[in-house]
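Architecture at a glance
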Amino acid sequence: MRKLQALGGAAALLAALLLGGCSQTAVPATPEQAATAAPEATAEPTAVPALAPSTNPLTGLDDGDYTGKRPVAVTLRTLDGAQPQWGVASADVLVEGVTEGSTAGLTAIFADVDSISKVGPVGAGRDLFLQVALPLNAVPVSIDKNIYASNLLNTLGYQDLDGYHIGKAAFAFDQGRQDAGYREENCWYTTGELIRTGLTNYGASAEGDNTPLFRFGTRPEVSPENRNGMNLTVTFSKTDSEQLNYNTGTGLYEKLNADGSPMTDADNGQQVGFTNVFVLYASSGIKDDGYTRQYDMTGGTGLYLQGGAWEQINWTKEDATGPFTLTDADGAPLTVAPGKSFVAIWGGYYGQGLTLTAADGSEQTLPEKPVLLESGVSDEAAAAAEEELSAAQRIIDAQAAVDQAKADLADALDELQEAQAACDADSENADLLAARDAVQAKIDELNQTIADNQAILDAAAPEGTPAPEEEQPAESESETPAE
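Small disclaimer: the values here were computed from a predicted structure and weren't measured. (Residues numbered from 1 in each chain as written. Predicted model: local features only at pLDDT ≥ 70, side-chain atom pairs only at ≥ 80, totals over all residues. Heavy atoms only, no water.)

Moving on, we come to the overall build of the protein. Across its full length, the protein carries 9 helices and 19 strands. Expressed as a percentage of its 483 residues, the buried residues of the protein come to 48%. In the protein, once contacts between residues fewer than 6 apart in sequence are set aside, the share between residues at least 24 apart is 68%. Of the roughly 22200 Å² of accessible surface on the protein, 50% is carried by carbon and sulfur atoms. (Helix = DSSP H or I, 4+ residues; strand = E, 2+ residues; numbered from the N terminus. Buried < 20%, exposed > 50% of the residue type's maximum accessible area, 1.4 Å probe, protein only. Contact = heavy atoms within 4.5 Å. Areas by Shrake-Rupley, 256 points an atom, 1.4 Å probe, with all protein chains shown as cover.)

Next comes the structure, spelled out in structure tokens:
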């Protein structure tokens with residue numbers, strides 16, 4: 001089918017919400033972007049309750065010595081063909097949110113660089129994920145990045161590790177994956193050793209301070225009758241809806257892909273699971289480039305799921321280097337259970353939704369979605385733009401269907417003449433009769449296709465436009481099929 005070429009005003013509006021995919025290309029900054037894209041940095045991040053230096057700052061688990069170890073935040077590709085990704089099951093935290101278009105981006109964060117055996121395919125850096133990585137003193141790892149991420153890092157003088165610049169010194173290519181049919185961009189990965197090498201080339205280090213992600217501590221056990229948060233569906237767009245389902249046996253929320261399949265690690269086949277699940281509501285709009293999502297990352301409400309139960313929370317964040325501060329609905333500091341976490345940053349704009357069900361299947365009443373930023377597009381305007389665009393595409397598709405059916409019809413009529421001639425020569429041959437009848441059925445179907453799609457074209461024609469002369473349905477030259 002031909003695609004819509006001239007989209008007009010409706011498509012321009014819709015593109016602000018749905019422009020496809022996470023681009024890998026960084027565009028040069030305009031003076032306006034350079035002046036406004038990066039938030040002002042504070043000299044020191046806001047303090048949060050400290051863990052023992054040896055405790056994992058991302059999970060709160062005492063499972064190793066993390067003294068003087070900087071976390072590592074690797075952006076992963078998520079577009080079609082990127083799954084399964086390496087390292088998603090071994091990561092301490094996964095952060096997901098739409099940065100461009102309609103497919104959510106993903107960042108895997110590891111507390112210890114030496115724990116990374118393989119992670120990828122590595123994607124382009126985005127400023128949204130830097131909002132989570134920078135307060136941790138984490139090393140951002142990506143292949144390319146957009147202008148907003150570049151501006152933010154440059155303003156802060158913060159060294160990242162970008163394969164677009166450092167190349168194979170810190171990144172490797174999986175030839176076997178490409179041989180299996182994966183596109184080249186979905187075959188690049190990195191390892192803990194490669195990351196260390198890349199940092200050395202920049203004169204940087206994986207050693208340094210780390211900051212706890214949350215206020216970790218012991219939480220009361222959730223009884224079966226209080227499991228009101230068992231199955232969460234996060235709809236990032238109409239084509240990207242993912243589930244996290246609580247497993248009472250493992251005590252983990254197991255993640256599914258948008259197609260309903262288990263999200264597994266390409267490195268070991270393990271399904272991805274989390275002790276904690278967060279949905280952070282953030283008011284959203286569109287940045288000045290017209291397609292990158294803008295989020296208010298200073299605070300909002302949200303959901304916290306753990307142990308099969310959920311509660312409403314509130315969160316605040318001072319700036320790009322400031323940590324998240326979480327409280328319960330009453331304003332008391334939120335205690336987070338030790339373990340791995342999934343964090344969804346969710347704008348609630350047109351096409352996005354949340355559904356949460358309890359153990360008995362009842363759907364929960366969730367907090368109202370966040371309000372749009374001034375640059376956002378209202379649901380009504382977005383729906384109208386989508387309908388206008390869909391209507392224009394239906395006309396193009398209908399015309400293409402008519403043209404194709406007419407072309408096929410000419411060939412089918414020739415086939416029918418041949419089939420009829422064969423039947424005339426051997427009128428008692430059941431196979432020839434069946435073949436002739438099959439061709440006639442095909443002609444009838446093509447005529448119906450032409451009629452149906454011509455009706456769409458006629459209905460869409462402006463008033464006063466003369467309708468094209470309709471061709472009569474093609475008929476065979478034969479009389480009623482011989483018995």
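Turning to the side chain of Thr327, a few remarks are in order. Structurally, Thr327 can be placed in strand S17 (residues 325-328). Thr327 has contacts with Ile313, Asn314, Ala332, Pro333 and Leu334, leaving out every residue within four places of it along the chain.

An ideal rise of 1.5 Å per residue puts 45 Å on 31 residues; helix H9 (residues 430-460) measures up with 45 Å between its terminal C-alpha atoms. Among the residues of H9, those classed as buried are Leu433, Arg436, Val439, Ile443, Leu446, Asn447, Ile450, Asn453, Gln454 and Leu457. Here H9 starts with a cap whose side-chain oxygen sits 3.0 Å from the backbone nitrogen of Asp431, and that cap is Asn429. (Expected span 1.5 Å × (residues − 1). Polar contact = N/O pair within 3.5 Å; in protein donor to acceptor, adjacent residues only side chain to side chain.)

Right, let's talk about the packing of aromatic side chains for a bit. Evaluated as defined, the whole model comprises 9 aromatic pairs. Each residue in the set Phe214, Phe216, Phe278 and Tyr304 is aromatic and connected to the rest through ring pairs, giving one cluster. Positioned over the ring face of Tyr189 is Lys118, at 4.4 Å from the centre of the ring. (Phe/Tyr/Trp six-rings, centres within 6.5 Å; stacked < 30°, edge-to-face > 60°. Lys NZ or Arg CZ within 6 Å of the ring centre and 35° of its normal.)

With 7 of 7 residues buried, strand S3 (residues 104-110) lies mostly within the body of the structure. The alternating pattern of S3 places Ala104, Leu106, Ala108 and Phe110 and Gly105, Thr107 and Ile109 on opposite faces, both of which are buried. For strand S1 (residues 72-76) and S3, the ladder comprises 5 bridges, and the chain directions are antiparallel. Among the inter-strand pairings, Ala73 is bridged to a residue of S3, identified as Ile109. Alignment of strand S2 (residues 93-98) against S3, held across 6 bridges, turns out to be antiparallel. The partner of Glu96 across the bridge, within S3, is Leu106. Hairpin connection from S2 to S3: 5 residues lie between these consecutive antiparallel strands, with Gly101 at a positive phi of about 65°. (Pairing = 2+ DSSP bridges.)

This part is about the environment of Gln364. Among the structural elements, Gln364 can be located in the loop between strand S19 (353-357) and helix H8 (379-425). Sequence-distant contacts of Gln364, defined by excluding residues within four places in its chain, comprise Asn228, Trp310, Leu356 and Ala358. Among the polar contacts made by the side chain of Gln364, one reaches the main-chain carbonyl oxygen of Ser362 at a distance of 3.5 Å.

Turning to the sheet that holds S17, a few remarks are in order. A sheet is described by the order of its strands in space; here 10 strands give the open sequence S5-S4-S1-S3-S2-S18-S12-S15-S16-S17, paired in mixed fashion. Pairing within the sheet leaves two strands with one partner each, and these edge strands are strand S5 (161-162) and S17. Relative to strand S18 (residues 341-346), S2 runs parallel, the two sharing 4 bridges. Residue Glu96 lies in a different strand from S18, and its bridge partner there is Ala344.

Turning our attention to the environment of Ala344. Its location among the elements puts Ala344 in strand S18. Owing to a relative accessible area of 0%, Ala344 belongs among the buried residues under this scheme. For the pair Ala344 and Val234, spaced 110 residues apart in sequence, the C-alpha to C-alpha distance is 8.2 Å. Excluding residues within four positions of it along the chain, Ala344 makes contact with Glu96, Phe236, Phe278, Val279 and Leu280.

To continue, consider the sheet that holds strand S10 (residues 252-256). The strand order S11-S10-S9-S8-S19 describes an open sheet built from 5 strands, whose pairing is antiparallel. Each of the sheet's edge strands pairs with one partner strand only, and the pair in question is strand S11 (273-274) and S19. Pairing of strand S8 (residues 231-237) with strand S9 (residues 240-247), which is carried by 6 bridges, proceeds in the antiparallel orientation. Across the sheet, the residue bridging to Ser237 is Asp240, located in S9.

Moving on, we get to the environment of Thr59. Examined against the element boundaries, Thr59 turns out to sit in the loop between helix H2 (31-36) and S1. In sequence terms Thr59 and Gly339 are 280 residues apart; their C-alpha atoms lie 4.6 Å from each other. Other than its neighbours up to four places away in sequence, Thr59 contacts Asp92, Phe216, Ala337, Pro338, Gly339 and Lys340.

It is worth spelling out helix H4 (residues 147-156) at this point. Within H4, 7 of the 10 residues are buried, which leaves the element mostly enclosed by the surrounding structure. Note on H4: the residue one or two positions beyond its end, Gly157, has a positive phi of about 65°.

By the criterion of burial, strand S15 (residues 299-306) is predominantly enclosed, with 6 of the 8 residues buried. Inspection of the sheet shows strand S12 (residues 276-281) paired to S15 by 5 bridges, in the antiparallel sense. Paired with Phe278 across the two strands is Tyr304, which belongs to S15. Connecting the antiparallel pair S15 and strand S16 (residues 309-316) is a turn made up of 2 residues, with Gly307 showing a positive phi of about 70°.

A few words on the pattern of salt bridges. Side chains that differ in sign of charge can pair as their charged atoms come close. By the definition in use, this model includes 14 salt bridges. Residue Lys145 is joined to Asp160 by a salt bridge in which the shortest nitrogen-to-oxygen separation is 2.8 Å. A residue pair is termed long-range when its members are at least 10 positions apart, and Lys145 in the loop between strand S4 (139-142) and H4 and Asp160 in the loop between H4 and S5 qualify at 15 residues. Taking the relative accessible area as the measure of exposure, Lys145 reaches 10% and is therefore buried. As a salt-bridge pair, Asp162 and Lys145 come within 2.8 Å of each other at their nearest N and O atoms. You can see Asp162 sitting in strand S5 and its partner Lys145 sitting in the loop between S4 and H4, a full 17 residues away along the chain. Considered together, Asp162 and Lys145 belong to a single accessibility category, that of buried residues. Taken together, the shared-partner salt bridges connect Glu96, Glu242 and Lys255 into one network. (Salt bridge = Lys/Arg side-chain N within 4 Å of Asp/Glu carboxyl O.)

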